[in-house]
Amino acid sequence: MSGAAALYTPTVLALATSLAEWPWDEALPLQGSARSKSCGSTLVLGLDTDAEDRIARIGLKAQACAIGQAAAAIFAGAAIGRSGAEIGQAESAIRAWLAGDTPLPDWPGLDVLAPARAYPARHGAIMLAWQTARELLHMDALPG
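S.K.: Looking at this structure, how should I read the environment of arginine 117?
M.R.: Topologically, arginine 117 is positioned in the loop between helix H4 (84-98) and helix H5 (123-140). A relative accessible area of 29% places arginine 117 in the partly exposed class. Taking the C-alpha atoms as reference, arginine 117 lies 29 Å from arginine 57; in sequence the two are 60 residues apart. Aside from chain neighbours lying at most four places away, what touches arginine 117 is Trp97, Leu98, Gly100, Asp101, Thr102 and His123. In terms of polar contacts, arginine 117 uses its side chain to reach the backbone carbonyl oxygen of tryptophan 97, at 2.7 Å.

Encoded structure:
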């Protein structure tokens, strides 16, 4: 199987198209964006949290490769109910995994992206949603 075929599987492509399940909403109180330096993929993420500061609602806009879009869908599919600390831990674990330092982290659906680990140019796109969510939830915790 060629490199592109190993990366862009029907499952990855289906996930990429599933982003419509998390439509953008200007009313989401926490909004941020990120851009991958390695490939130029961008993601705009909006979040709302509940009374316990856990993610309650998500909105996404992505201009990314199918890997980046699939990663955003994987993030969104399991982020509801998670705290900023949990998102930060997941982000660190995924970064370590992509670097080859640890086994696949425990985030539902992440195994679909396992072939992309061998393609460092895709790592930045994979991390966009976790990075942006961590930043948003941390900023939300700041006084002021």
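S.K.: Can you walk me through the packing of helix H2 (residues 10-17) against helix H3 (residues 66-79) in this structure?
M.R.: Helix-helix packing is characterised by the crossing angle of the two axes and by the distance between the axes. For the pair H2 and H3, interaxial distance at closest approach is 7 Å and the crossing angle is 70°. Classified by the interaxial angle, the pair formed by H2 and H3 is roughly perpendicular. Classified by chirality, the crossing of H3 by H2 is left-handed. Residues Val12, Leu13, Leu15 and Ala16 of H2 pack against Ala66, Ile67, Gln69, Ala70, Ala73 and Ile74 of H3. Looking at the contact of H2 with H3 residue by residue, the class counts come to nine nonpolar, one polar and no charged.

S.K.: Looking at this structure, how should I read the sheet that holds strand S1 (residues 30-35)?
M.R.: Strands belonging to one sheet form pairs held by backbone hydrogen bonds; the direction of such a pair is parallel or antiparallel. The strand order across the open sheet formed by three strands is S1-S2-S3, and the pairing between neighbours is antiparallel. The outermost strands of the open sheet, each flanked by one partner alone, are S1 and strand S3 (55-63). Adjacent strand axes in the sheet meet at a mean angle of 20°, parallel and antiparallel pairs treated alike. In the sheet, S1 pairs with strand S2 (residues 42-49) via six bridges, with the strands oriented antiparallel. Bridge pairing links arginine 35 to threonine 42 in S2. Contacts from H3 reach S2 and S3, with the element oriented near 175° to S3.

S.K.: Whenever I open this one, the pairing of S2 confuses me. Can you help?
M.R.: Side-chain direction in a regular strand flips from residue to residue, so the side chains alternate between the two faces of the sheet. Where S1 folds back onto S2 in an antiparallel hairpin, the turn is made up of six residues, including glycine 40, whose phi is positive at roughly 85°. Where S2 hands over to S3, the hairpin turn is made up of five residues, of which aspartate 53 adopts a positive phi near 60°.

S.K.: What should I look at first to understand the nonpolar core in this one?
M.R.: Proteins that are soluble and globular tend to have nonpolar side chains buried together. Leu45, Leu47, Ile58, Leu60, Phe75, Trp107 and Trp130 are the most contacted members of the largest nonpolar core, which totals 43 residues. When contributions to this core are tallied by element, the ones reaching two or more residues are H2, S1, S2, S3, H3, H4 and H5. At 11 residues, the largest contribution of residues to this core is made by H3. Each residue touching tryptophan 130, except ones within four places of it in the same chain, is listed here: Ala71, Ile74, Phe75, Ile87, Ala90, Glu91, Ile94, Trp107 and Leu110.

Basis of the calculations
- Residues numbered from 1 in each chain as written.
- Predicted model: local features only at pLDDT ≥ 70, side-chain atom pairs only at ≥ 80, totals over all residues.
- Heavy atoms only, no water.
- Helix = DSSP H or I, 4+ residues; strand = E, 2+ residues; numbered from the N terminus.
- Buried < 20%, exposed > 50% of the residue type's maximum accessible area, 1.4 Å probe, protein only.
- Contact = heavy atoms within 4.5 Å.
- Polar contact = N/O pair within 3.5 Å; in protein donor to acceptor, adjacent residues only side chain to side chain.
- Axes fitted to C-alpha atoms, helices over the stretch in contact; angles between N-to-C directions.
- Parallel < 35°, antiparallel > 145°, perpendicular 65-115°, else oblique.
- Left-handed = near helix turned anticlockwise from the far one by under 90°.
- Nonpolar A, V, L, I, M, F, W, Y, C, P; charged D, E, K, R; others polar.
- Pairing = 2+ DSSP bridges.
- Core = buried A, V, L, I, M, F, W, Y, C linked by side-chain atoms within 4.5 Å.

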